[in-house]
Amino acid sequence: MAGVAAGIVIVGAAAAVALTWRPSIAAIDPPAPQSFDPDLVKRGRDLAAIGNCSDCHTLRGGKSFAGGFPVPTPFGTIYSSNITPDAETGIGRWPEAAFRRAMRSGVNRDGQHLYPTFPYDHFTNVTDEDDRALYAYLMTRQPVRAPARENQLSFPLDQRFVIAGWKLLFLRHGTYQPDSTKSAEWNRGAYLVEGLAHCGACHTPRNVLGAERGSAQFAGGDVDNWHAYAINSQSLSPVPWNADALFTYLRDGWHPDHGVARGPMAQVVSNLSSVPDSDVRAIATYMAGVFGPPAPDRKRRGDEVLAQARSPAESPAAQASGNNALGASIYAAACATCHETDRALPYGGINLGLSTAISSPDPRNAANTVLSGVRAVEGERSPIMPGFAASMDDTQISALLNYLRARFSNQPAWTGVEKAVEDARRTQTVFLQTSPGPHNAPADATQRAKP
Amino acid sequence: MNAPVILDRRRVLAGGGALIVSFSLTGAFAQDQAPAAAPAPKPPGSLATTPLLDSWIRIDVDGSITVFTGKAELGQGFKTAFQQVAAEELDVSFESLKVITADTSLTANEGYTAGSHSMQDSGTAIQNAAAQARDLLVAEAAKRLDLPAENLRTENGAVISSDGRRLGYGDLVAAGMLHVQAQPKSKLKDPATFKVMGKPIPRVDIPAKVTGGAAYVQDMRLSGMVHARIVRPPSYGAQLTDCDTSAIEKLPGVVKVVRDGNFLAVVAKKEFQSVKAMNALAAVAKWKETPSLPKQDDLLAVLTGLPSQDSTIFERSNPSAVGQKTIEATYTRPYQSHGSIGPSCAVAQFVDGAMTVWTHTQGVYPDRQGIAEMLRMPPANVRLIHVEGSGCYGHNGADDAAADAALIARALPGTPVRVQWMREQEQAWEPFGPAMVTKLKASLDRNGAIADWNFEVWSNTHSMRPGGAGSLLAAQHMAQPFAVPPPKPLPLPEGGGDRNAIPIYSFPNAHVVHHFIPAMPLRISAMRALGAYHNVFSLESFMDELALAAGADPVEFRLKHLDDPRGRDVIAKAAQGFGWQKGQKAPQDRGFGFAFARYKNLAAYCAIATEVEVNRETGRPRLVRAVAAVDSGQVVNPDGLVNQIEGAIVQSMSWTLYESVTFDDTRITSIDWQTYPILRFNSVPESIEVHVINRPGQPFLGSGETGQGPAAASIANAIANATGKRLRNLPLTRKRIKDAIDA
Amino acid sequence: MMTLKVNGHDHQIDADPDTPLLYVLRDDIKLNAAKFGCGLGQCGSCTVIVDGRAVLSCVTPLLLLEGKQVTTLEGLGTISEPAPIQRAFMEEQAAQCGYCIAGMMMRAQALLQKNSKPTDEQIRSELEPHLCRCGTHMRILRAVHRAIRLMDTADAFPAAHRSAQ
């Protein structure tokens, strides 16, 4: 008996060692950019846009792909790596096989495990062909000398072999397998969403070990101090999403029935704006399936909310204000002047009855927006909302948020609003901007307003 | 070589000589008795049209001195500059003078404060009037002291004799002494002796502006003043079909609702009451709109497809110069907005048949004429007084706001009425800088020099300013409306759409055509630099394209074709200040650019070198640094001049990289800073250096608009240098640059 | 009726509670510095300081200001006794038309009250909500840097006082 137990332990240890230890792949001389086929590079560029690589691998105001971007996790702060083709501090000496291994298994060229903050649990689904294109794209970027920053993790999380255990539990290797019962477009969308686009990395809740909960896919997650909404059947958006709305939103960065993408999502849609329509449509089609058709009463409520938003009828302001006269008066004085005009999105304030932030399980997103507003995008037409961090104190903001919740959602009251506002104020390094250039078709009459 | 023919109506009409002016004088100076057939020379600057000295300088018996100018302070520092000029020539301390600006009851009619004319016209008039006034005072002192004038000197407001006797100006001045015609020539001070002129005297208006003093027309508060807001139509030509104002009249504080055809306004006691009433009134107003606007994305086809009056404005021919390599290019500019930070405002009061309007219009006399015509009043009963507004950069909503205020004030006799435009109204209703198209073609000879040059420009007029009520919105919208006057091109040598279309370079063969487009699908008028912005942008971009084709350095290439020595100096100075080296290579992702122009080919010279960084992933352009050189003749206030050039570069950068008016088929849609973004601090360059080449004793040259054109081209050339891609359609947006890089 | 504290004085304001502070300052209290540029919170010309922080007064209704201290440019100093920020802007001649300047100065003042030695990067970032159409940006930055130096010396004890301790 002892022998069998010992055997299991030995085999287990050997497996553990085998898993923990990964061979280093020999360095190569940095390949000449001209050696890559320009069409392949272009393909890689589109894929990198879908993968949103630049968002994590570029420090704001820094050089593209040079890394150094801090990603806060429950375990500490991880700094993104330099993926420019710099020979010393980037991936200049990586052969394609090393890149592919990093995407597939989360291992760097030296054989070290990468923290799953780099979402290889999604990128493992990317095909070899697409990895080749991404490699070609990255190796033809401008090399930037930028040494890696030390991650700030406490022991034992700062020991990379620990990741091996994590991978054993949570990493499902393999390329995406198409579903023959679904359309080509759906399959393309599934491949992108589950793979490069890694939507679940933000939109899926995680377990204590920081892995996405497989049983709760797309049920809502957290990024910085934002809530990434549930984008499955548990969606709380007042107006249910469909494929067309998703396509418009992802392509343009806003939708009249839902609002404007801001916070971390702004960068996502900004990248998607350069990607072929067909890929965005595929993502929209797949996600529409994930949302699923809305239940009848949800659809009915959505129609009611839309009708109310479109007509300047009397709103149930009186009932909602109840004993929240402060919140009601703040809304009327500070918000309604932009949020109750007939000026259409994206330049008019959204009718708050359409806002998912207000129907969201917690008030973080709403608090962030009220505090910081929405900043202008340099030199491009984009929404601007003033922030109220300086003119409203926490009592006033809390009263306002409670009022908005009561009036503009059919969800139960939030709890812990005061604390949420305090926390939001503290983490106000939140960079609030919308994507550059929301679609501004000159012939689009919905964007007019009274001169 | 044939002499170039400049087909220019003004010169033809004037017979190539001076205007014929003769006056009889009553003053101390004897008139040259010229033969009747020969024309007498006119006094310089605006003295030609307003020749009496006391139209410019008034000296009171207590010695206080007032200087009058028909020009307006727009924030360029002119009030200060004129004070310097007068103080210098009169030999008084800077502080002892007061300057009164544009007022139809007090000052000369100097037309508009525009076209960079102020120093040339008004500054020159003040300089000469002050010098001549001083001489009259000295002559008077000579008489009283019984001494020759040469033994007298002036200092600190007094005439002093060599034996120490002193007569203050106040003592010397007699009634009517300055009520004399100006002489054609004055004894001006030697620039080497300047105490005030040429010095960076701090501006007289800044202290109030940084301490909350009343400084703008927006700050005026007259006793009993009420607040008005206009409800403008939603689009050009919209008709008010229904408007039940009964509820509006009952809103808190509302004093009156004014309706006259499509002109709709509400007046209230307190300002916020007027804003709320405006919103309520806008909600009940029903309009019938007509789609009339062209396709925003296809202005090239729109403009070149409209009927035009075509004229060749420059022609030069030398058949022996033969081109071997030809290139051509088309450049476009969208409609662009003045975008004044402070929306237009005016205060008007109608008392006993006399209308007074306080306004930031650039032209109090022409605006008065329009308003008087609109109100069907004699102009003499209408007084316009200029009070500063925010920077206007040309014909913005100021004149219209003045008309609005006058129309409403007439409905409330005795009560001062303040009209404040909203941001959206300023953006939608201001007359824009016109969209333009230029087509260029040139060829290089076998030595890499330009053998022939072709330049065609399509443009509307660049001025629809009042005089004439029909230029004013209120008059166009009234029940008995005034028709918009037919547009006319501004004549050369200044020009409008063809401003700076004629190259300053010498080319053996050259052909320049102006396609003047009368039809104005969008409301347009003068915007700073007028056609020069786009013409210089095109011309100087194309010079770089030619230099590239010739394998030549851009600076050397320009010098090769330029004879004008002051132009050459300015080019050399900018290049040197920048560290421009032939064969230089910019750092990774960066490019160097250069451009040069002489504004209107007769005002100030400006050359600008720039370094631009382009992010290849996003296409984002960033102006890293700019080095400029400027020659504006005799410098009056060097700091003011530098301020103007720095500002020109930054402003032009914003126009060039970001700005275009947007519209659908009926309405203007760029109606606030969300939809018409301009430069913010995150785009401001690391440094701007301005080198001033002072030309003591030379005539003043207008500098307020000399930087915009070269800045645009310099930036475009730097972007081309950085990316290897040439962009020709303004604005040079991030997306356009990215698409060019990716292509 | 509401009591509003502005520049250290109490004012009784007879205006609707939803009146933006900008109109109260200009129309009721007759102050000039805060300007109407857009009324939409997009340009910064209306900036004043409330309880030490810069706010856009055109989108700040009166009802938010109960018990708070409002400071406008007029409250910082006068022509004869200018505050360091005002002196700095005068010495740098940091204005062309000047319409945007009061708002810029208040934002800079609020920054310097919190962080007496900001970097150039931080100043530019702080001024992002502010528009200047004349292109005076370089001078505005120079003026803020100058104000940093002036505030530094303004805090120093005069030598005589020091020796007395």
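Residues numbered from 1 in each chain as written. Chains lettered and ligands numbered in written order. Predicted model: local features only at pLDDT ≥ 70, side-chain atom pairs only at ≥ 80, totals over all residues.

**Here's the deal with the overall build of chain C**
When its secondary structure is counted, chain C shows six helices and five strands. Helices and strands in chain C line up, N terminus first, as β-β-α-β-β-β-α-α-α-α-α. In terms of overall dimensions, chain C is globule-like: its C-alpha atoms have a radius of gyration of 17 Å, near the 15 Å expected for 165 residues. In terms of its C-alpha atoms, chain C occupies a principal-axis envelope of roughly 55 × 40 × 25 Å. The buried share of chain C, taken over its 165 residues, is 61%. Counted over contacts in chain C with a minimum sequence separation of 6, partners at least 24 positions apart contribute 61%. (Helix = DSSP H or I, 4+ residues; strand = E, 2+ residues; numbered from the N terminus. Rg over C-alpha atoms; globule rule 2.2 N^0.38 Å. Buried ≥ 20, exposed ≤ 12 C-beta atoms within 10 Å, placed from the backbone. Contact = placed C-beta atoms within 7 Å.)

**Concerning the domain arrangement of chain C**
All names here are of chain C. Under the domain assignment, chain C is made up of domain 1 (2–75) and domain 2 (84–157). For domain 1 and domain 2, the distance between their C-alpha centroids amounts to 21 Å. On the side of domain 2, 13 residues touch domain 1, which itself brings 14 residues to the contact. Only strand 3 (47–50) and strand 4 (53–56) provide two or more residues apiece to the side of domain 1 that touches domain 2. Across the side of domain 1 that touches domain 2, the residue classes tally to eight nonpolar, four polar and two charged. (Domains from an automatic or database assignment. Nonpolar A, V, L, I, M, F, W, Y, C, P; charged D, E, K, R; others polar.)

**Topic: the packing of helix 4 (residues 96–105) of chain A against helix 6 (residues 128–139) of chain A**
Residues and elements named next belong to chain A. Interhelical geometry of helix 4 versus helix 6 gives an angle of 120 degrees and a closest axis separation of 10 Å. Seen along the crossing, helix 4 lies across helix 6 with a hand that is right-handed. Residues Glu-96, Phe-99, Arg-100 and Met-103 of helix 4 lie in contact with helix 6, whose contacting residues are Asp-128, Asp-131, Arg-132 and Tyr-135. The residue makeup of the contact of helix 4 with helix 6, split by class, is three nonpolar, no polar and five charged. (Axes fitted to C-alpha atoms, helices over the stretch in contact; angles between N-to-C directions. Left-handed = near helix turned anticlockwise from the far one by under 90°.)

**A word on the interface of chain B and chain C**
One widely used convention gives an interface's size as the accessible area the parts lose upon coming together. Contacts between chain B and chain C engage 47 residues on the former and 48 residues on the latter. At the level of elements, helix 5 (206–209), helix 7 (271–284) and helix 16 (638–658) of chain B are the ones that each hand at least two residues to the side of chain B that touches chain C. It is helix 16 of chain B that provides the largest number of residues to the side of chain B that touches chain C, a total of eight residues. Of the residues assigned to the side of chain B that touches chain C, the class counts are 19 nonpolar, 17 polar and eleven charged.

**Some words on the interface of chain C and chain A**
On the side of chain A, twelve residues touch chain C, which itself brings 15 residues to the contact. Here the side of chain C that touches chain A gets four residues from one element, more than from any other, and that element is strand 4 of chain C. Considered class by class, the residues forming the side of chain C that touches chain A number nine nonpolar, three polar and three charged.

**Points about the sheet that holds strand 17 (residues 382–386) of chain B**
Across a sheet, strands are paired by hydrogen bonds formed along the backbone, either parallel or antiparallel in direction. All names here are of chain B. Spatially, the seven strands line up as an open sheet ordered 10-11-8-18-15-16-17, and their pairing is mixed. Bordering the open sheet on either side are strand 10 (254–260) and strand 17, each of which pairs with just one other strand. On average, adjacent strands in this sheet sit at an angle of 20 degrees to one another, irrespective of strand direction. For strand 15 (residues 345–351) and strand 18 (residues 417–420), the ladder comprises four bridges, and the chain directions are antiparallel. Bridged to Ala-346 within strand 18 is Val-419. (Pairing = 2+ DSSP bridges.)

**Notes on the pairing of strand 4 (residues 97–100) of chain B**
Residues and elements named next belong to chain B. Here strand 4 shows a buried face lined by Leu-97 and Val-99 and an unburied face lined by Lys-98 and Ile-100. With four bridges joining them, strand 3 (residues 65–68) and strand 4 adopt parallel strand pairing. Looking at the pairing, Thr-66 lines up with Lys-98 of strand 4. Chirality of the crossover, the property in question, places the unit of strand 3, helix 2 (residues 78–90) and strand 4 among those that are right-handed. (Right-handed = clockwise from strand over helix to strand, strands pointing away.)

**Remarks on the domain arrangement of chain A**
Residue and element names in this part refer to chain A. Each assigned domain of chain A is listed here: domain 1 (14–170), domain 2 (184–291) and domain 3 (315–441). Summarising the inter-unit geometry, the C-alpha centres of domain 1 and domain 2 are found 23 Å apart. Every contact between the two is made by 21 residues of domain 1 and, on the other side, 22 residues of domain 2. Those elements giving two or more residues to the side of domain 1 that touches domain 2 turn out to be helix 2 (38–51), helix 3 (53–57), strand 1 (70–73), helix 5 (120–123) and helix 7 (161–170). Top contributing element to the side of domain 1 that touches domain 2 by residue count: helix 2, with five residues.

**Examining the sheet that holds strand 1 (residues 2–6) of chain C**
Residues and elements named next belong to chain C. Taken in spatial order, the five strands line up as 2-1-5-3-4 in an open sheet, and their pairing is mixed. The sheet terminates laterally at strand 2 (9–13) and strand 4, the two strands that pair on one side only. In this sheet, adjacent strand axes meet at a mean angle of 40 degrees when their direction is disregarded. Pairing of strand 3 with strand 5 (residues 69–71), which is carried by two bridges, proceeds in the antiparallel orientation. Residue pairing for strand 5: Ile-49 is matched across the bridge by Thr-71. The strands touched by helix 3 (residues 101–114) within the sheet are strand 3 and strand 4, with strand 3 carrying the most contacts at an inclination of about 30 degrees.

**Structural notes on the environment of Arg-43 of chain A**
Here Arg-43 of chain A shows up in helix 2. By C-beta crowding, Arg-43 of chain A is classed as partly exposed, having 18 other C-beta atoms within 10 Å.

**Describing the confidence of the model for chain C**
Per-chain confidence: chain C averages 93 in pLDDT, with 93% of residues scoring 70 or above. Under the prediction, the complex receives an ipTM of 0.93, its pTM being 0.92. (pLDDT = per-residue confidence, 0-100.)

**Side note on the confidence of the model for chain A**
All names here are of chain A. With 88% of its residues at a pLDDT of 70 or more, chain A shows a mean pLDDT of 87. Considering each helix and strand of chain A separately, the mean pLDDT is smallest for helix 14 (residues 317–321), with a value of 57, and largest for helix 12 (residues 277–291), with 97. Throughout residues 437–447 the model reports pLDDT below 50, and contacts reaching past four residues in sequence, or to other chains, amount to 30 contacts.

**Topic: the nonpolar core**
All names here are of chain B. Formed by 397 residues in total, the largest nonpolar core has its most connected members in Ile-57, Val-266, Ala-346, Ala-405, Ala-406, Ala-574 and Ala-628. No other element matches helix 3 (residues 118–145), which puts eleven residues into this core. The contacts of Ala-405, once residues within four sequence positions are left out, are Ala-346, Val-347, Ala-348, Val-357, Val-417 and Val-419. (Core = buried A, V, L, I, M, F, W, Y, C linked by C-beta atoms within 7 Å.)

**Description of helix 4 of chain A**
Residue and element names in this part refer to chain A. Those residues of helix 4 that fall on the buried side of the exposure criterion are Ala-98, Phe-99, Arg-100, Arg-101, Ala-102 and Met-103. Each element contacted by the buried residues of helix 4 is listed here: helix 5 and helix 6. With its phi angle positive at about 70 degrees, Gly-106 sits one or two positions after the end of helix 4.

**Brief notes about the environment of His-511 of chain B**
All names here are of chain B. With respect to the secondary-structure elements, His-511 resides in strand 21 (residues 509–516). For the pair His-511 and Leu-53, spaced 458 residues apart in sequence, the C-alpha separation works out to 45 Å. Other than its neighbours up to four places away in sequence, His-511 contacts Thr-312, Glu-315 and Asn-454.

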